[in-house]
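# Observations on the model geometry
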Amino acid sequence: MVAAGNLRRLIIRKPDGKPLLEIPLTAGVVSRVELLRGAFLGMLAELRVVPPEEASDTLAAFALAPTDRLVTAGEFLDGMLAVCRTSVMIGADHLVRAIDDLLRAADRQAFLVMLPKMRAAFERLHRRQRDSLADRVARRYGLAEAEELTELRTSAAAAAVFA
C-alpha cells in the first residue's frame, strides 16, 4: 500500500473514534534520519499496514548502499525495534537474512561504526526474543544440532553432585 501510493496518512483512533495520533506518510518515508525512518516503518509493520518482511527488506537494502549510508543501518534497526518487536519476530528469518547481508557488506570500519547502534537495537528485545533470533542464526548456519549435542540436560540434584 505504501509503495503503490494508496496510503497518505496513518491515523490511530481511540475507542470512541477520536484521533489519538495522525501522521502524514511522508513524515517517515522522506526523513533522512534513519532512526525515524526505522521507527515509522516498524510502526507500520506492527500495525500490519505493511508486512514485516518489508521492514527487513528495507534494512537489507542498506547493504547495497554506499558506505556512508551503510553505516546508518544500525540507527534504522534501532528505530525499527524501538516500536516493532512482535511483527519482526514473526518475520525473524527475514530479519536475520537482512542483518547477515549488512554484516557481509560492511568492511571493518563500517562494522565498528554500526556496532553500537545495532547492539542498542538488540538490547530493546526481551531475552527470549534475543534467544529466538540466536536460534534462527544457528539454524541458518547449520549449528542448531551441534548446540543440542553440547547442552547438558539434568536435574539440579545431579548437577550438584557434579559440582
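The paragraphs below set out a description of the structure included in this document. (Residues numbered from 1 in each chain as written. Predicted model: local features only at pLDDT ≥ 70, side-chain atom pairs only at ≥ 80, totals over all residues. Heavy atoms only, no water.)

Looking at helix H3 (residues 52-61), one finds that the buried residues are Pro 52, Ala 55, Ser 56, Leu 59 and Ala 60. In a view along the axis of H3, the buried residues occupy a sector of 140°, so they form one face of it. The inward-facing, buried residues of H3 abut helix H2 (34-46), helix H5 (73-83), helix H6 (86-90) and helix H7 (92-105). (Buried < 20%, exposed > 50% of the residue type's maximum accessible area, 1.4 Å probe, protein only. Helix = DSSP H or I, 4+ residues; strand = E, 2+ residues; numbered from the N terminus. Arc of directions from axis to C-beta. Contact = heavy atoms within 4.5 Å.)

Positioned with a positive phi, Arg 48 is a non-glycine residue whose angle comes to about 65°. Positionally, Arg 48 belongs in the loop between H2 and H3.

What the largest pocket holds in volume is close to 280 Å³. At the level of elements, H7, helix H8 (108-123) and helix H9 (127-140) are the ones that each hand at least two residues to the lining of the largest pocket. (1 Å grid on protein atoms, 1.4 Å probe; cavity = no way out; pocket = protein on both sides within 12 Å on 5 of 7 lines; lining within 4 Å. Points joined across faces, edges and corners; volume = space filled by probe spheres on them.)

One pass over the full model with this rule turns up 1 aromatic pair. Arranged with centres 5.4 Å apart and planes meeting at 50°, the rings of Phe 62 and Phe 76 form a pair that is tilted. Taken together, the positions of Phe 62 in the loop between H3 and helix H4 (67-70) and Phe 76 in helix H5 put the pair 14 residues apart, joining distant regions of the chain. Given a relative accessible area of 1%, Phe 62 falls into the buried group. Overall, Phe 76 belongs to the buried group, its relative accessible area being 0%. (Phe/Tyr/Trp six-rings, centres within 6.5 Å; stacked < 30°, edge-to-face > 60°.)

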